[in-house]
Each structure stands twice: as C-alpha cells, then as structure tokens.
Amino acid sequence: MKKYIGRLFVYLLLSSSVCLPCGFTQQAESDPAALSKRILEGAAGEGLYLDFEALQGFYLKDNKFQEFVELLKSLGGQNKALAPYVDYYIGLSRYRQLKYLEEEQLWNEYFSLGNTYRQELTDSLLAAIGATSAKDTIHLYARLILWQFHRDQQDAFNEQALTDLVNAGLEFTQSAKDLTPIRDVADALLAYGEKARAKQLYKLYVGKTVTSDIKDETLYTIALDFYKKQNIELSELMFDAYMKKIAQSFSKESLVAALTDVAALFSYKTEGPKDAVYAESVFQKIEEAGGKEAFDGQLLYTRAFNAEKAKEFTGACGYYVELIQRFPESPSADEACFKAAMLYTYALRDAKKAREYFETLARKEAVNPQVISSLYQLGLLSQWEGDPAKAKEYYNLLLEKAKGGFTDTLGFAGERMREIDEAKPIEYNLKTFLDVSLKEEHASFTMGKVDLSASSYTLKQGQEIDITAVAYTPETGCMQVELQYLWSGSLGTQTPSSGASAFSTAYPGTGTKAINLVVVSSAGIIDRAFDMVDVY
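Bear in mind that the values here come from a model prediction, so they are computed numbers and not experimental data.

Student: Help me out: how do you make sense of the packing of helix α6 (residues 107–130) against helix α7 (residues 137–153) in this one?
Tutor: Any two packed helices are characterised by the angle at which their axes cross and by the distance between the axes. Look at α6 against α7: their axes get within 9 Å of each other, and the N-to-C directions meet at 150°. As judged from the angle between their axes, α6 and α7 are roughly antiparallel. Crossing of α6 over α7 shows left-handed handedness. When α6 is examined against α7, the residues Arg118, Leu121, Thr122, Leu125, Leu126, Ala128 and Ile129 are found in contact with a partner set consisting of His139, Ala142, Arg143, Ile145, Leu146, Phe149, His150 and Gln153. For the contact of α6 with α7, the class distribution of residues is nine nonpolar, four polar and two charged.

Student: What is the right way to look at the packing of aromatic side chains in this model?
Tutor: Given two aromatic rings, their pairing is described by the distance between the two centres and the angle made by the two planes. For the structure on display, the rule yields 30 aromatic pairs. Where Phe52 meets Tyr85, the ring centres are 5.5 Å apart and the plane angle is 10°; that geometry is what we call stacked. With Phe52 in helix α3 (residues 46–60) and Tyr85 in helix α5 (residues 83–104), the pair connects residues that are 33 residues apart, well separated along the chain. A relative accessible area of 10% means that Tyr85 is categorised as buried. Considering the side-chain rings of Tyr227 and Phe266, the 5.2 Å spacing of their centres and the 75° angle between planes classify their relative orientation as edge-to-face. Of this pair, Tyr227 sits in helix α11 (residues 216–228) while Phe266 sits in helix α13 (residues 252–266); the two residues are 39 residues apart in sequence, bridging distant segments of the chain. You can call Tyr227 buried: its relative accessible area is 7%. The ring of Phe58 carries Lys61 above its face, with NZ or CZ at 5.5 Å from the centroid.

Student: Help me understand the layout of surface pockets in this model?
Tutor: Quantified by volume, the largest pocket comes out at close to 650 Å³. Lining the largest pocket are 39 residues, with Phe412, Ser488, Gly489, Ser490 and Leu491 sitting closest to its centre. At the level of secondary structure, the elements contributing two or more residues to the lining of the largest pocket comprise α17 (333–347), α19 (369–384), α21 (407–421), α22 (428–438), β4 (483–489) and β6 (511–521). Among the residues making up the lining of the largest pocket, the classes are represented as 17 nonpolar, 17 polar and five charged.

Student: Is there a simple way to explain unusual backbone geometry in this structure?
Tutor: Excluding glycine, residues mostly have negative phi values, and the peptide bonds linking residues are mostly trans. In this structure, Gln154 is a non-glycine residue whose phi angle is positive, near 55°. Assignment of secondary structure puts Gln154 in the loop between α7 and α8 (158–175). Notably, Ala423 is not glycine yet its phi reads approximately 55°, a positive angle. In this fold, Ala423 is placed in the loop between α21 and α22.

Student: Please explain the sheet that holds strand β2 (residues 458–459) as it appears in this structure.
Tutor: Within a beta sheet, neighbouring strands are joined by backbone hydrogen bonds and run either parallel or antiparallel to one another. A sheet is described by the order of its strands in space; here four strands give the open sequence β2-β7-β6-β4, paired in mixed fashion. Every other strand in the sheet has two partners, leaving β2 and β4 as the edge strands with one partner each. Pairing of β2 with strand β7 (residues 524–535), which is carried by two bridges, proceeds in the parallel orientation. Bridging from a neighbouring strand, Thr458 pairs with Asp534 of β7. Running at roughly 180° to β7, α17 makes contact with β6 and β7 of the sheet. Helix-sheet contacts for α22 involve β4, β6 and β7, and the interaxial angle to β4 is about 90°.

Student: What is the right way to look at the sheet that holds strand β3 (residues 465–471) in this model?
Tutor: Read from one edge of the open sheet, three strands run β1-β3-β5, paired in antiparallel fashion. For this open sheet the edge positions go to β1 (450–454) and β5 (502–505), each flanked by a neighbour on one side alone. The average angle at which neighbouring strand axes cross in this sheet is 15°, direction not considered. Pairing between β3 and β5: four bridges, direction antiparallel. If you follow Ile465 over to β5, its bridge partner there is Thr505.

What counts and how
- Residues numbered from 1 in each chain as written.
- Predicted model: local features only at pLDDT ≥ 70, side-chain atom pairs only at ≥ 80, totals over all residues.
- Heavy atoms only, no water.
- Axes fitted to C-alpha atoms, helices over the stretch in contact; angles between N-to-C directions.
- Helix = DSSP H or I, 4+ residues; strand = E, 2+ residues; numbered from the N terminus.
- Parallel < 35°, antiparallel > 145°, perpendicular 65-115°, else oblique.
- Left-handed = near helix turned anticlockwise from the far one by under 90°.
- Contact = heavy atoms within 4.5 Å.
- Nonpolar A, V, L, I, M, F, W, Y, C, P; charged D, E, K, R; others polar.
- Phe/Tyr/Trp six-rings, centres within 6.5 Å; stacked < 30°, edge-to-face > 60°.
- Buried < 20%, exposed > 50% of the residue type's maximum accessible area, 1.4 Å probe, protein only.
- Lys NZ or Arg CZ within 6 Å of the ring centre and 35° of its normal.
- 1 Å grid on protein atoms, 1.4 Å probe; cavity = no way out; pocket = protein on both sides within 12 Å on 5 of 7 lines; lining within 4 Å.
- Points joined across faces, edges and corners; volume = space filled by probe spheres on them.
- Pairing = 2+ DSSP bridges.

Honestly, it's all geometry; don't read function into it.
In structure tokens:
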C-alpha cells in the first residue's frame, strides 16, 4: 500500500522517519539543494509527495523547524503551483515545533513566539484546505493536523474541526482508489480516544479493501497483520469480513476450525492483544456453525475463562457448568466446578446453588486446592448464616484433608475457628463483603460501580501482580470524595490498608484465589467487587 505524507508521525509527533510510497525508492540525492531543485521542476503527484517528505525529514530530524519553514516559503515564492504543499508542510512543521518546545520545556521560545507559530499553523493549514478539495490527500491530512491542534488546545474550534475532518474523510472515500489516508486518519482518531469516529472510518477502509475477488487467505493475512500491530479495532473489522466470507464457502468442519483460530487470538490471555467481548462473539459463531458439539473440553474452558474475565459472570458460570456435565474427566473439571460455585455465590447471589458444587468437590477423596477451598467456603457460609457447629465441621474436615499443606487456606480456616471459639464475629471486611453479596437488602449492589482488575490472571507461584480498583462515584463538584476500600479474601502476601485502591502482591500457594472488595464513602456503600486469579 502507498504511504502518503505525514504517515503515522502525524499523531506520534516526534517521529523523524521519512515515509515513502510503496513502489518508490529513496532517491540518491539527499541534500536539500537537490531535493528543492527536483520539487521546483517536478509535477504534482506521488513523486512530489516523496520529495517533500524527504525534504522535511532532512530538516525535522534535527529539529530545524525555522530553516525548513523559510525554505518552504522560498519554494512557494518560486512556484505558485506548490502552494498547497508549502502551506501544509508549514502547518505541520509549526505543529511539531510547538510539541517539541513543550516536551523539551523550551519556555522562552514557547511563550515569546508560541502565538506567532499558532497563527501561522492555522493560517497555513486553512490555506491548504481552501486550495484543495476533499478528494485530495493533502486536504485530508491538513484537516487532520488542524483538528489535532485544536484538540490539543481544547479550544472552541475542536468539535467543528473534528466534524469537518470526518466529513472530509467520508467524501474522500467516494473517489479514492487507495484508502491508506483514511486508515491514517482513523489511527489518529483512535490514538486520541475518538473510538466511535475511528471505527466509522475503519469500516469504510475495510469496505473498499475487501473486494469480492480477494482471496480468503489474503484477507486473513491482512487481519492478522493488524492484530500483530495491536490495531485491534481494524483487525476485528477485517476478521469480521473474513468470517463472513468463509461462512459462504467453507465446510462446517473447516469453518469451525477457522473460527476457533480467530477466537483463540482474542480470548483472554496473560500476554498479547486480546478482546474478551469480541472473542465471545466469535465463540457464538462457532456454536451457530457447529452446535455445542463443536466445543471440546479445552475450548469450552477457554470460552468460560474468557467470559469470566469479561465480567460476563452469568455466561461464564453456565459454560463452567456445561464443562462439568459434558467433560467430567477433564483436567479442568475441578477448577470449573469451584469457579461455578464461587460465581453462583458472589456474582449471582445464589448460595444454595453454589453449595451443590462446593459439596461435590468436598466429597472427593483426592485432595487438591479446589477441594480444600470448597471446604473453607462451606464453613464460611455456615458461619455467616449463624451455624458455628456446622462451620467447625467443615473447617475440621479441611484441617484433616489438608495435612499441613495448602497453608494459605489453612490459615483462613484457623482465623475463622478462633472467631467461633472466642464468640467473635467474622472479620469486619470479610463479613461486610458477605453481607453485601448475599443479603437481599443489598441486591442493588451489582458490581457496576466498582471495577476490580489484576495485571495478570494466570500466575506462577511467587509471581508479583498488581490489583487495582476503580470506584465510579457521583459528581461532587470540587469536593474530593474520601473512600474506604474494604479488602478481603485471598490477598496473597500483602494486606492493603483501607485507603489503598491498589496494591501489589504474590501468592505462594497454587489454586484459584478470590479477591473481595467493598468500597465505602461517607454516604455509605458504593458497591462491591469480586475477582479471581489462578496460580499454578
């Protein structure tokens, strides 16, 4: 694909690389005089773009902004036909110069000449826009730089400049054969957080790129390339087109296999690009194509785990239960059983249903982390429900089966038994979480106002991770809301304070570790949160 002016550094700001259209090679001449001569003699087109790009690269790689602007003005004075290019590059240079002054904190020049540079920036870009139409690449890039400038300034022209940019992009697509500039604009919009508008332009790019005669493997390669470059939005649109295309020609078995490959790319994993919500949409396509039989035990576990990390707890619970029922001998069956029980208890508020799965694990002869943790959860629920005798039965059975191992869960059970023996209530933070999670009067706390996340969900023993909570509180004007973070559950090697919204920890033992949180303000409980990490 051809690479036009401003490619990528338009919004990455300080890149000094020169971008060349595909099919062109760097000309031997690299000095400004030779490039200037060729620009003055050359005709409009890709060669002219190339020469201007090489020229700006020569100057701006050393931050020679003023020298470049003076040269541009000289070229424009000698050949009036160059005006749109000259104006665009003057605007781009001043934009990058202002960014450079800010980043290097060169405040003397910034404050003494900043307004002059800003005026020249806007005047030049508006001149380039006025001298061209939305069919011209330079018009689109000039609008992009102008919007970025207003967005950076957060001034009154920001929204109008954004609207003008998107409208110009829509018009550009109607006649352009190569939509690489549209992708560049969409990339920049995405970098600035304008996801909806970026996706609108990405769709246009994909629509023109995906033609009826494009080969399946070519389409897959393009989509995978964007994925590897971590352009998830564009990758997903390309994969959507790919999946739609192969659905018409692949056999059921081949289609399921191809869809499984796509789902694997986007499913939750410790490293690499991922989008759990998109992955679930692909899993749905797999089920539509091949039915539930298309999922073996491993794929079903991947789907359940992915839904869990997307906070789609109802779906995750259902997939874990399906795994237990269809693949009881799966290596993941005990983990699935325990997670289903935990989700029923703390996400879906159904302790009665959860007990069935905890009890299934508790009755197992073979001991593993899920069996021990299930006994602890059964004791904890009984203790919370006011049946200390039953709770001690579970705790004592835990001690018997643990045989001195599973030290973290053993420690929790010991704490609970001391509470029972001393007629004390369950530790405050933990009891608060149980109350908010299970009492009907607290059913309005649905975990929508507190986001709890871990830097990784599959860990090695002793591996450090970061746990972070974000509470969404109502607007209170200029007053800062003081919050209490009531952490409980399995917190690893650390005990965070009530003022800590984040902490780092590690887990010395294996198994699924449940992290509990209730966030409280002076006005009362804001919400609760629940998450699980797996240590192997």
